[in-house]
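Breakdown of the fold
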Amino acid sequence: MKVHTANDDYELLDSGDERKLERFGDYVLERPAGQAVWQPQAPERWARADAAFDRKQGNRWLNRSRLPDHWVVNIAGIHFKLSGTDFGHLGVFPEQRESWEWVRQEVATAHKTRKKPISVLNLFAYSGGTTLAAAQAGAEVCHLDASKGMVDWARENAALNKLADAPIRWIVDDVLRFLVREARRGHTYDGIVLDPPSFGRGKKGEVFKIQRHLPELLRLCYALLPERPVFLLLSCHTPEYSAGILRNLLEQLMREKGGRAVCGEMLLTGSSPAVMPLPNGSFARWAQG
Ligand SMILES: C[S@@+](CC[C@H](N)C(=O)[O-])C[C@H]1O[C@@H](n2cnc3c(N)ncnc32)[C@H](O)[C@@H]1O
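Please read all numbers here as calculations on a predicted model, not as lab measurements. (Residues numbered from 1 in each chain as written. Predicted model: local features only at pLDDT ≥ 70, side-chain atom pairs only at ≥ 80, totals over all residues.)

Within the protein one finds six helices and 16 strands. Its C-alpha radius of gyration of 19 Å places the protein within 12% of the 19 Å reference for a compact globule of 289 residues. Judged by the C-alpha coordinates and their principal axes, the protein covers about 55 × 40 × 35 Å. Within the span of the protein, comprising 289 residues, buried residues form 43% of the whole. Long-range pairs, those at least 24 residues apart, make up 59% of the contacts in the protein between residues at least 6 apart in sequence. (Helix = DSSP H or I, 4+ residues; strand = E, 2+ residues; numbered from the N terminus. Rg over C-alpha atoms; globule rule 2.2 N^0.38 Å. Buried ≥ 20, exposed ≤ 12 C-beta atoms within 10 Å, placed from the backbone. Contact = placed C-beta atoms within 7 Å.)

A word on the sheet that holds strand S3 (residues 27–32). Here we have five strands laid out as an open sheet, ordered S1-S2-S3-S4-S5, and mixed in their pairing. The open sheet is flanked by strand S1 (10–16) and strand S5 (60–62), the only strands paired with a single partner. This sheet shows a mean twist of 20° between the axes of neighbouring strands, independent of strand direction. (Pairing = 2+ DSSP bridges. Axes fitted to C-alpha atoms, helices over the stretch in contact; angles between N-to-C directions.)

The next thing to look at is the site of the ligand. Taken together, 21 residues surround the ligand, and among them Phe-124, Tyr-126, Ala-146, Asp-195 and Gly-200 come closest. Sorting the residues of the shell around the ligand by element identifies helix H2 (129–136) and strand S12 (199–201) as the ones contributing at least two each. Tallied by class, the residues present in the shell around the ligand amount to nine nonpolar, seven polar and five charged. (Near = placed C-beta within 6 Å. Nonpolar A, V, L, I, M, F, W, Y, C, P; charged D, E, K, R; others polar.)

Let's shift gears to the packing of helix H1 (residues 97–114) against H2. Two elements in contact, H1 and H2, have axes whose closest approach is 8 Å; the angle formed by their N-to-C orientations is 30°. Our classification of the angle between H1 and H2 gives roughly parallel. Between H1 and H2 the crossing geometry is right-handed. The segment H1 lies against H2, with Ser-99, Trp-100, Val-103, Arg-104 and Val-107 engaging Gly-129, Thr-130, Ala-133, Ala-134 and Gln-136. (Parallel < 35°, antiparallel > 145°, perpendicular 65-115°, else oblique. Left-handed = near helix turned anticlockwise from the far one by under 90°.)

Here the domain parsing of the protein yields domain 1 (10–92) and domain 2 (95–287). Between the C-alpha centres of domain 1 and domain 2 the distance comes to 25 Å. At the junction of the two partners, domain 1 supplies 19 residues and domain 2 supplies 20 residues. For the side of domain 1 that touches domain 2, the secondary structure elements donating two or more residues are S1, strand S6 (71–75) and strand S7 (78–82). By residue number, the principal contributor to the side of domain 1 that touches domain 2 is S1, which donates five residues. (Domains from an automatic or database assignment.)

Further remarks concern H2. Every α-helix carries 3.6 residues per turn, so stepping three or four residues along brings you back to the same face. Taking burial as the measure, the eight residues of H2 include seven buried ones, the bulk of the element. Within H2, the full set of buried residues consists of Gly-129, Thr-130, Thr-131, Leu-132, Ala-133, Ala-134 and Ala-135. Residue Gly-138 follows H2 closely and has a positive phi angle near 100°.

Once that is clear, we can look at the sheet that holds strand S9 (residues 140–145). An order of S10-S9-S8-S11-S14-S16-S15 is seen for the seven strands of this open sheet, with the pairing classed as mixed. Sheet topology places strand S10 (168–172) and strand S15 (260–268) at the edges, where each strand pairs with a single neighbour. Between one strand axis and the next, the sheet turns through 15° on average, direction left out of account. Bridge count between strand S8 (residues 119–123) and S9: five bridges; the pairing is parallel. In the strand pairing of S9, Asn-122 is matched with His-143.

The complete set of buried residues in helix H6 (residues 243–253) reads Leu-246, Arg-247 and Leu-250. Buried residues of H6, seen end-on, are gathered within an arc of 100° and therefore sit on one face of the element. Opposite the buried face of H6, at more than 90 degrees from it, the exposed residues are Gly-244 and Gln-252. If you follow the buried residues of H6, they end up packed against strand S14 (231–236), S15 and strand S16 (278–287). (Arc of directions from axis to C-beta.)

Turning to the packing of helix H4 (residues 175–185) against helix H5 (residues 210–223), a few remarks are in order. Running from N to C, H4 and H5 cross one another at 30°; their axes reach a closest spacing of 9 Å. With respect to H5, the axis of H4 lies roughly parallel. As H4 packs across H5, the resulting crossing turns out to be left-handed. Of the residues in H5, those touching H4 at Val-175, Leu-176, Leu-179, Val-180 and Ala-183 are His-213, Glu-216, Leu-217, Leu-220, Cys-221 and Ala-223. Taken together, the residues of the contact of H4 with H5 sort by class into nine nonpolar, one polar and one charged.

Right, dumping it as C-alpha cells:
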C-alpha cells in the first residue's frame, strides 16, 4: 500500500464510529463512512473539522457556510474543482488515486512500445479523474457520464489541468445505449475503465443496477476491445462485489486475450502510516503486460 505524502492535497486524518475525517487542501471535513466500524484513533483531531455532512436526518451539512462555494485541490497530480454538493459528494473520489497512477503508467508504457496514441474509454466517468490521468499520459479519451452537470464539471477540471484542447470526446449518455451504438459503428478502444454504481440512472432516466446489468456491461465492453487490448479496469463500491469477485469476472472475460488480472481494495489513506487506511470499494485490473 502506498502512503501518500503531505504534498498531495488529500489525506485521511482519522476514521471510526462510522465516520471519516479528511483534509482536502485547506479544509477538513467529517462525513459518513459506514464501513468504519472501529473507534476513532485520534479523537482530538475531529474538532478540526470545518464542516460535517450527516445522513441521519436526511442529507444535511453542518457549517457548510465555512466552506467556499468551490475550491481547487491537487490529488495525485490532477487538479480538481471541489464543492460541497447536497449529497455530501465533493467532486472527487480519492480512493481512486492509485488507479489514476496505474492508468497513467499503462498508457505511457503502451504509447512507447506501440508508437501511436492509445485510445481509452472511461465509463461512469464522474468528474474525470481517470480521463485526465490518461490524457496527461498522451491518450485519446472518450469520457462518458449520464449527467450533463458532471460532464461540465469534468470539462472544467480538464481546463484546470491545461487539457482543454486535449483529444477528449465528452459524451452525455446512458452507458449501455452508448456501448451498443459504438459496437455498431465498429469503434474499438485500447483501454477501458468502468466504475459502475450500485444503482444509477441514464440520460433519459434508464435504470442501471449493478446486480442486473454488470454481465451485459462487461460483454458490451469486450466487444469494443481490439485483438490486443492494453488494459481493462473495473472498480465499484458495491459491498457484495469483493476484489476477488471482480478479478474472477475479468479473468473469465479476458481469457482469450492472454494477460493477467490483479485485484485489491481501494483505500483512503493518510500521509503517515499511523493513520489506519479506510477501505472504500474494490478494483480488478487486467493488463496485457
Ligand atoms: C461512483 S460515480 C463514478 C466515480 C468515477 N469513476 C471517479 O473515479 O471519479 C458514478 C457515476 O456514474 C454516472 N452514472 C450512473 N448511471 C449511469 C448510466 N446509466 N449511464 C452513464 N452514467 C451513469 C453518475 O452520473 C456518476 O457520475
